Structure formats: C-alpha cells, structure tokens
Amino acid sequence: MSATIVPVPLEVMPGCACQAQPVSAPPAALLSLRGIGKRFPGVRALHQAQLDLYPGEVHVLFGENGAGKSTLINIIAGALVPDEGQMSLDGRPLTLRSVQDARAQGIAAMFQEFSLAPDLSVAQNLVLGNEPAFGRFIRGADARRRASDALARYGFELDLDAQVATLSRAQQQMVEMAKALAGEPKILILDEPTASLSERETQALFQTIEQLKRSGVAIVYITHRMREIRAIADRITVMRDGSHIASLAAAQASEEQLIELMTGRKSGALYPPIRHHAGRSILRLEKLSTRNGSLRDVSLELREGEIVGLAGLVGCGKSEIGRACFGLEPIDSGVISLDGQRLSRLSPRRMLARGLCYITSDRRNEGLLLQRSTRENIALSALALPQFSSAGLLRLGTERRQVLALAERMHLRPLNLQAEAVNYSGGNQQKIVIARALAREAKVLIFDEPTVGVDVGARAEIYKALADLAHEGCCILLISSDMPELLGLSHRVYVVNAGQIVDHLEHHELDEERILHGFFRESPPGEQRESA
C-alpha cells in the first residue's frame, strides 16, 4: 500500500510565469535523482534534472518532445549512464551500467519502441533472457507455465504459440508489458503505453496500474494526453529544455497551468477555428472491400476544404481505409474515384502523382529514413518534380530552399536540415513526415493517427497546419483514436466498426456518446443512413 502523505515544499524553476501549488509527498523516496546531466554530440539533453519517486504512486513526466523525458527514463532504466549527478534507491547510492543492472535492482521499463523478438512466439518472448534451464537445456514446460502465469496475472488474453510478428500492435504491447512485469519490479516505467490501445484496452491497462499501485509498485508514466493525467496521475514533474521545472500534485494541476509550465508561455486554444465551406467532391469510395476482408462495402466522400474524421477502435479497419486509398491494401471490389475519375491499378507512386498522399501512423518503420538527413526525408516524395530535378539531376539549391520553407512552416526544432531524422524527438519526426507530404501540394491528405506520441505544443502546430490546408482547399481524411481530436477538428465523422461504416455524423450532429455507441454496434443509433 502507498505511504502516508505529508506536505513538502514544491520546487519551481526561477522565472517561470506560472507558480504551482505546494506538492504533497511521502517523507522517504524510493528513488531519488539529483543534478542529473547528460550530453550527446552537440546536444545537452539533460541539465540539473531531478525526480523523486515514492512507493505506490503514478508519477507523470510531462513536457514537450525534446524536453529530456526519454533521456531521463533511459537513465533510470539503465540504458544510458548520466554524465553527472547522483541517484539513490531506498536511500542508498545507485549506479546503473546496463539494463540488466536496473532489472536486478527491481526497475523495469516498457518503451514506445518494443524490445520483442518478432520471429519468436509469445511464450518465448516472455521468458527470453530468463529461461528456466537445466544445465544447457531449457525446461520447456516450466517456461510455458511461467509465460502463461505472466499473462493470466494481468488478464492478457493471448495465444502463447502465436508468432509476435503476426500480432497487432496492441497485442504486442500486452506482451511487452507482461514481460516487464514478469520480474515483479519495484519501479515500472511506462512510455506512452496507450498510444496503440483502444478505449477498452486503455481502461484495462488503468485497472492493472491500480492493481500495481496497491501492491506498492512505483510507476513513472509518460503521456501527452490530459485525460490520462486526470485519470491516473498522483504527481507530475514538468520538464523543459532538459531541466526540472516543477513537481506538483496532479489534483492541484489545471490543464492551463501544465501547458504554461511545459512551454514557458500562456496557453492558447488547442484547436484552431476551421471554416466549413465544402466544395466539390474530390475523393469518393463506393462499396469498397479489400482482398483480406478487413474492409466490407465501405462508402464515403471527401469534399474540397473539409476535414473528415474516421473514428473507431484499434483494429476496426479505419487505418485500412486510408491504406487502401493509397494502394497499400489490395482491393477486391468496389470503386475509388478521385476528381470524378475512376481509378484502377492503385499504387503509392500513382496516387502521389494524382495528388493523394497518405501519412502513416508508424513514422519510424514506414514514414522515415532514420539514418538519412532531414533534407533528404522531406524532399523524398517530390524528387521527380521539375522544381526538384531535371534530366535525372537534382537541383540542390532549389531543393534546399523548398525544404527549408517546409521545415519552417512546420516549426521544426532545432532546424538543422543535415541532422539525421533519428536524432529528433517523436513530435519533430512527425513534423518531418508531414512536411514531406506538403512538398507534393496534394489535393487529398490522409492523416493516420497524426499526433501519437506528440506533445501538446507540437499538437497545436500540427492542428494549425491542418486548418491552413483545409482553408487552402485541400480535403483531409483524419484517422484518429483520440476523441477530443476528432471532435475538435472534424467537419464530419464516419464511424467504423468491424471493417464497415456504421454511422455518419454531420457537423451539427457530432457527439461523443453517439460515436462511442457506434464502436460497439453494427448499426447506428436511430435510423440507418447511407454513408455518403
């Protein structure tokens, strides 16, 4: 159980415009970090960072992408060694040289990028590196029993023999979490754990977290979602530019206060006003079905100058709609029309040439060349255009000017066109992917989960870019699992369930309860209507 709470003073960075309230905390920290510093070539990632973590609490690390959160949790997890500062565990000095050191001390982590072996089974992954053995031989029955117990303990329903590569991302996340919890850690680090989960799966995760809290586990939790902070956080530490800004009790923190602490400026409206003057029909789907059965008889329409949302649970088929339009999902039957012209032989190259661009939800595996420069990543989709090349030769000066303008439009920070994409934070990587899409001057932009793992400040900039595109006459298909995002940006919303459109809401009909109703029923509330 968690310890008794007593008041202690709150530390706030001098000069911060927002003064937080005093924080409540137990008298003895389980984990304490003071004066932590870390440098990478040309970058100071952390400076005088600090954190106190207590048994049985959820402690949220909050800050913009690039604020130093990931570096700090990598130090706690043993993946990075700090250049300066002190750490203590249970009041004793702590030095971690590896992830194995951290696990031996009862510290486990589940990062956004999973550490799973895709070609092995669920059971093999769950005991990997800690297999029960007799001499040089693995005790298979014991390993399987241990893996089964790890899943059952937290209610994860997975096939032990399933190959991890065949699982959905949400299922892979369950394997990753069960693996992290198998050693019964004292400290658990969760980095954006709900990014790929449905509402139902998220609630199941929160129940697991509550169970861990009751057993005294201390949890470091990174999220950019205000609803999650309100739901599960006990305390919050805000970071900015690699430094500790403030620590405060979650119950005393307002959304405006957190944004001001995070950014160092007064918070404004997150969702920009977007005029709705829908023009002619640009993209139309009629009874579209995919070869693998993920979509069945999907019909929808996008018009000039509007943002149309696609809502649904993870795995419902909403992403497959965007991928089918871009030629990534083979089509079995139905029609896709662009600008009134029926399309055939779809492929990403052909769709880009026709003015339709798909921005993937998986920026690291599908969206970026991580080891290539920012300039190359942004220009990649437009290299064949006359302004970028001629007679097979790149116009390097023109390319640089065009790319620089796009990077500035997306407020890429730091703006270094020669920096490799892998060195940017998640939010800035997302800006690079969007900037590349804008290089084509597309008529239709399909955004698949555009703000997963993106902080509030970067979200506002991405939302502003979407609003500007709509005002310029682009039509945007917004595929999102974030309900406030859909309601805040969409002019219309289609609800997807089991590969079908089950409801279509006009702007004046947008309602969270009605959308959620469609997630779990095959027919919409009230009268069934045509999708488009």
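Our structure's up above, just so we're on the same page.
Overview of the structure.

Conventions and cut-offs
Residues numbered from 1 in each chain as written. Predicted model: local features only at pLDDT ≥ 70, side-chain atom pairs only at ≥ 80, totals over all residues. Heavy atoms only, no water. Helix = DSSP H or I, 4+ residues; strand = E, 2+ residues; numbered from the N terminus. Rg over C-alpha atoms; globule rule 2.2 N^0.38 Å. Areas by Shrake-Rupley, 256 points an atom, 1.4 Å probe, with all protein chains shown as cover. Lys, Arg positive; Asp, Glu negative; His and termini not counted. Charge placed at Lys NZ, Arg CZ, Asp CG, Glu CD. Pairing = 2+ DSSP bridges. Salt bridge = Lys/Arg side-chain N within 4 Å of Asp/Glu carboxyl O. Buried < 20%, exposed > 50% of the residue type's maximum accessible area, 1.4 Å probe, protein only. Core = buried A, V, L, I, M, F, W, Y, C linked by side-chain atoms within 4.5 Å. Contact = heavy atoms within 4.5 Å. Polar contact = N/O pair within 3.5 Å; in protein donor to acceptor, adjacent residues only side chain to side chain. Phe/Tyr/Trp six-rings, centres within 6.5 Å; stacked < 30°, edge-to-face > 60°. Axes fitted to C-alpha atoms, helices over the stretch in contact; angles between N-to-C directions.

## Describing the overall build of the protein
Inference 1: Broken down by element type, the protein carries 17 helices and 26 strands.
Inference 2: In terms of C-alpha radius of gyration, the protein reaches 24 Å, essentially the compact-globule figure of 24 Å for 532 residues.
Inference 3: The dimensions of the protein, computed from C-alpha atoms along their principal axes, are 70 × 55 × 50 Å.
Inference 4: As displayed, the protein offers around 23800 Å² of accessible surface, 48% of which is attributable to carbon and sulfur atoms.
Inference 5: Charged side chains of the protein number 60 positive and 62 negative; the gap between the two group centres comes to 5 Å.

## Some remarks on the pairing of strand β18 (residues 331-338)
Inference 1: Two elements, strand β15 (residues 281-290) and β18, share six bridges in a ladder whose sense is antiparallel. Residue pairing across strands places T290 opposite I331, the latter belonging to β18.
Inference 2: Examined bridge by bridge, β18 and strand β19 (residues 341-342) share two bridges and lie antiparallel to one another. Residue pairing for β19: L338 is matched across the bridge by Q341.
Inference 3: Linking β18 to β19, which pair antiparallel, is a turn of two residues; within it D339 sits at a positive phi near 55°.

## Examining the pattern of salt bridges
Inference 1: The final tally for this structure, using the stated rule, is 29 salt bridges.
Inference 2: We note a salt bridge from E306 to R303, for which the minimum N-O separation is 3.8 Å.
Inference 3: The closest approach of N and O atoms between E366 and R323, which form a salt bridge, is 3.1 Å. Taken together, the positions of E366 in helix α11 (residues 363-367) and R323 in helix α9 (residues 318-325) put the pair 43 residues apart, joining distant regions of the chain.
Inference 4: For E366, a relative accessible area of 43% translates into the label partly exposed.
Inference 5: On the basis of relative accessible area, R323 is assigned to the buried category, the value being 17%.

## Some words on the nonpolar core
Inference 1: Judged by nonpolar contacts, the single largest core of 84 residues is most densely connected at I321 and L445.
Inference 2: Examining the composition of this core, we find that eight residues originate from one element, helix α15 (residues 456-471), more than from any other.
Inference 3: With near-sequence residues (within four places) excluded, I321 lies in contact with L285, L295, V298, L300, L310, L477, V496 and I501.
Inference 4: Of all hydrophobic cores here, the second largest spans 52 residues; its members include A108, L167, L212 and A246.

## Regarding helix α1 (residues 69-76)
Inference 1: Across the eight residues that make up α1, a large majority, seven, are buried.
Inference 2: Of all the positions in α1, only K69, T71, L72, I73, N74, I75 and I76 are classed as buried.
Inference 3: Following α1 by one or two positions, G78 adopts a phi angle in the positive range, close to 85°.

## Considering the side chain of S243
Inference 1: Here S243 lies in strand β14 (residues 243-249).
Inference 2: A polar contact is formed between the side chain of S243 and the backbone oxygen of H47, at a distance of 3.1 Å.

## Remarks on α9
Inference 1: With respect to burial, α9 is a largely interior element, six of its eight residues being buried.
Inference 2: Three or more residues of α9 are buried, namely K318, I321, G322, R323, A324 and C325.
Inference 3: Once α9 finishes, G327 follows within two positions and takes phi at roughly 90°, a positive value.

## Structural notes on the packing of aromatic side chains
Inference 1: In total, this model carries two aromatic pairs according to the counting rule given.
Inference 2: With centroids separated by 5.1 Å and ring planes inclined at 20°, the aromatic side chains of Y271 and Y463 adopt a geometry described as stacked. Note that Y271 is positioned in the loop between α8 (255-263) and β15 and Y463 in helix α15, a separation of 192 residues in sequence.
Inference 3: For Y271, a relative accessible area of 25% puts it in the partly exposed group.

## Concerning the environment of G37
Inference 1: Relative to the assigned elements, G37 resides in strand β3 (residues 31-40).
Inference 2: Since its relative accessible area comes to 2%, G37 is described here as buried.
Inference 3: Measuring from C-alpha to C-alpha, the distance between G37 and Y271 comes to 35 Å, with 234 residues separating the pair along the chain.
Inference 4: Setting aside chain neighbours within four positions, we find G37 in contact with L46, H47, P82, D83 and E84.

## Points about the sheet that holds strand β5 (residues 58-62)
Inference 1: Within the open sheet, the six strands sit side by side as β8-β11-β12-β5-β13-β14. Their pairing is mixed. Every interior strand has two partners, whereas the edge strands, β8 (107-110) and β14, have only one. Averaged over all neighbouring strand pairs, the angle between strand axes comes to 20°, with direction disregarded.
Inference 2: Bridging between β5 and strand β13 (residues 235-240) involves four bridges; their strand directions are parallel. Counterpart to F62 in the pairing with β13 is V238.
Inference 3: Against the sheet, α8 engages β5, β13 and β14, with an angle of about 35° to β13.

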